Amino acid sequence: MQNFSQKLIDWQRQHGRHTLPWQNTRDPYAIWISEIMLQQTQVSAVIPYYQRFMTRFPTIAALAGAHEDEVLQHWSGLGYYSRARNLHEAARRMVTLHQGTFPQNFEDIQALPGIGRSTAAAIASFAFGQRQAILDGNVKRVFARVFGISGWPGQPAIEKQMWVLAESLLPTEDIERYTQGLMDLGATLCTRTKPDCLRCPMQDDCVALRESLTTELPSPKPRKALSEKETVMLVIMDGEDILLEKRPSSGIWGGLWSLPEAAIGEDYAAIIKSRFGLEAELGQTWAPLTHTFTHFRLEITPQPLCVIGRPASQPSGTLWLSLDDAIEAAIPTPVRTLLTRKL
DNA sequence: AAAACGGGGCC
DNA sequence: GGCCCAGTTTT
């Protein structure tokens, strides 16, 4: 679709971003610094860092000659500090391997630490006008929607297909504007949520828009199969009352009141004797219930126990409540489910 | 709390 | 070449 590139170029000319601090230069060093800062970091956060960094380290030589500490200081607050270390190391390699200049050969650019295929292509395109394809998260989203490509774009087969597509779409001229347009479209209109399709230059061509799939595409990363865990919850009863235990404030169900837990096959009577000082008699286990979290499935087997002679005092962090009150308390959903079943 | 993200590292 | 991770922000 040759249409795509020309429409994108025209759109970027009229509606794209043109005044960012790293635009309107062909200095590969300046473009490189900006591209690295823009990895996983928003434009608004990058701007002040970019300006301070470029003032202190205006050239490859300035960066290569600096102490790593000072480079990191100028990065402080941007996060992903390996980017800064790679930047420093790459500048030093330019000095030793490339006579202190920024390499123009595409493979040489990509061989520098911290520069992968997409970042190398962005630099080669903006600084040297080379016809190289970028493919970052924004571009993958645009492609998935416009061309109706389903499947998670991180999947090797899909990603490979997208690289082929990205290369096939490259225009023969205006590569810089095209590359910028791809970035601008993904960043400003074809956003992850609530894309602004009414303003999009691709609205007549976009498969996702035509088929109402903009929320489905790009396909999300497949969830890995849920691991299975199992636990026993002790339903310690004294007449109408049951014993709740406060969970630690961190971790699952942090701070909620819950049923005491035990591992399968343990001696439950012995456990409550040692943990709570209670004598109790085992009942028949209740029907298990399964609770699904995002990352695992938990099978809960409720084990009822009837206490024999409840002491006046109760251990700290525990609470006797009537079944009715317990259900109203701050308890985990599956605990509420299993108590409700018993009402 | 979970997903998303580009590059690096490991087989 | 394929798979997974580290580290951080966004939803």
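Residues numbered from 1 in each chain as written. Chains lettered and ligands numbered in written order. Predicted model: local features only at pLDDT ≥ 70, side-chain atom pairs only at ≥ 80, totals over all residues. Heavy atoms only, no water.

Chain A is annotated in an unreviewed UniProt entry as Adenine DNA glycosylase of Novimethylophilus kurashikiensis. Looking at chain A in UniProt, the text filed under Sequence similarities (unreviewed entry) is "Belongs to the Nth/MutY family." One UniProt comment on chain A, placed under Function (unreviewed entry), says "Adenine glycosylase active on G-A mispairs. MutY also corrects error-prone DNA synthesis past GO lesions which are due to the oxidatively damaged form of guanine: 7,8-dihydro-8-oxoguanine (8-oxo-dGTP)." (UniProt positions renumbered as here; feature names shortened; annotations may be inferred.)

> Describe the overall build of chain A, with residues and values.
Of regular secondary structure, chain A possesses 15 helices and eight strands. In summary, chain A has a C-alpha radius of gyration of 30 Å against a globular reference of 20 Å for 343 residues, an excess of more than 25%. The C-alpha extent of chain A, read off along each of the three principal axes, is 85 × 55 × 30 Å. In chain A, of all internal contacts separated by at least 6 residues, the share reaching a separation of at least 24 is 64%. (Helix = DSSP H or I, 4+ residues; strand = E, 2+ residues; numbered from the N terminus. Rg over C-alpha atoms; globule rule 2.2 N^0.38 Å. Contact = heavy atoms within 4.5 Å.)

> Give a detailed account of the UniProt feature "domain: HhH-GPD" (unreviewed entry) in chain A, specifying residues and quantitative values.
According to UniProt, the "domain: HhH-GPD" (unreviewed entry) feature falls on residues 37-188. Between the C-alpha atoms that bound residues 37-188 there is a distance of 18 Å. The span itself is 66% helix and 0% strand.

> Could you give me a rundown of the domain arrangement of chain A, with the residues and numbers involved?
For an interface, size is often stated in terms of accessible area lost upon the parts coming together. Its domain assignment divides chain A into domain 1 (4-211) and domain 2 (227-341). Distance between the C-alpha centres of domain 1 and domain 2: 54 Å. (Domains from an automatic or database assignment.)

> Lay out the pairing of strand β2 (residues 241-246) with the relevant residues and their values.
In terms of strand pairing, β2 meets strand β8 (residues 318-322) through five bridges, oriented antiparallel. Looking at the pairing, Ile242 lines up with Leu321 of β8. (Pairing = 2+ DSSP bridges.)

> Quick one: what's the story with the nonpolar core, residue by residue and with numbers?
Soluble globular proteins tend to bury their nonpolar side chains together. Among the nonpolar cores identified, the biggest contains 72 residues, and Phe4, Trp32, Ile33, Phe53, Leu63 and Phe143 are the most heavily contacted of them. Met233, Ile300, Ala329 and Val335 belong to the second largest nonpolar core, which has 20 residues in total. (Core = buried A, V, L, I, M, F, W, Y, C linked by side-chain atoms within 4.5 Å. Buried < 20%, exposed > 50% of the residue type's maximum accessible area, 1.4 Å probe, protein only.)

> I'd like to hear about the packing of helix α2 (residues 28-38) against helix α8 (residues 117-128), residue by residue, with values.
Between α2 and α8, whose axes approach to 9 Å, the crossing angle comes to 145°. At the point where α2 passes α8, the crossing takes the right-handed sense. Contact residues: Pro28, Ile31, Trp32, Glu35 and Ile36 in α2; Thr119, Ala122, Ile123, Phe126, Ala127 and Phe128 in α8. Its residues placed into classes, the contact of α2 with α8 shows nine nonpolar, one polar and one charged. (Axes fitted to C-alpha atoms, helices over the stretch in contact; angles between N-to-C directions. Left-handed = near helix turned anticlockwise from the far one by under 90°. Nonpolar A, V, L, I, M, F, W, Y, C, P; charged D, E, K, R; others polar.)

> Any chance you could break down the protein's contact with DNA strand C for me, citing the residues and the numbers?
All residues in the neighbourhood of DNA strand C are listed as Gln40, Gln42, Gly79, Tyr80, Tyr81, Pro156 and Arg192. Within 4 Å of the protein, the contacting atoms of DNA strand C are 59% sugar and phosphate, with bases supplying the remainder. Interatomic distance of 3.1 Å between a side-chain N/O atom of Gln42 and a phosphate oxygen of DNA strand C. Class assignment of the residues belonging to the surface near DNA strand C gives a composition of three nonpolar, three polar and one charged. (Near = heavy atom within 4 Å. Polar contact = N/O pair within 3.5 Å; in protein donor to acceptor, adjacent residues only side chain to side chain.)

> Talk me through the environment of Lys7; I want residue IDs and the actual numbers.
Here Lys7 lies in helix α1 (residues 2-15). Here the alpha-carbon distance between Lys7 and Trp286, two residues 279 residues apart in the chain, equals 65 Å.

> Give a detailed account of the confidence of the model for chain A, specifying residues and quantitative values.
With 96% of its residues at a pLDDT of 70 or more, chain A shows a mean pLDDT of 90. For chain A, the element scoring lowest by mean pLDDT is strand β6 (residues 289-292), at 79; helix α4 (residues 60-64) scores highest, at 95. (pLDDT = per-residue confidence, 0-100.)

> Which residues make up the environment of Thr25, and what values do they have?
Here Thr25 shows up in the loop between α1 and α2. With 195 residues separating them in the primary sequence, Thr25 and Pro220 have C-alpha atoms 36 Å apart. At 2.9 Å, the side chain of Thr25 and the backbone nitrogen of Asp27 are in polar contact.

> Any chance you could break down the packing of aromatic side chains for me, citing the residues and the numbers?
Under the defined criterion, the tally for this structure stands at nine aromatic pairs. With centroids separated by 6.1 Å and ring planes inclined at 65°, the aromatic side chains of Phe4 and Phe143 adopt a geometry described as edge-to-face. Here Phe143 lies in helix α9 (residues 137-146) and Phe4 lies in helix α1, a separation of 139 residues in the sequence. Of the two residues, Phe4 and Phe143, both sit in the buried class. Seen in terms of ring centroids, Phe53 and Trp75 are 6.1 Å apart; in terms of plane orientation they differ by 85°. Their pairing is edge-to-face. Taken together, the residues Phe53 in helix α3 (residues 43-56) and Trp75 in helix α5 (residues 68-75) connect sequence positions 22 residues apart. Taken as a pair, Phe53 and Trp75 share a single burial class, namely buried. Feature note: the residues Phe4, Phe143, Phe147 and Tyr178 constitute an aromatic cluster, connected by ring pairs. The positively charged end of Arg117 is found above the aromatic ring belonging to Trp163, 3.6 Å away from the centroid. (Phe/Tyr/Trp six-rings, centres within 6.5 Å; stacked < 30°, edge-to-face > 60°. Lys NZ or Arg CZ within 6 Å of the ring centre and 35° of its normal.)

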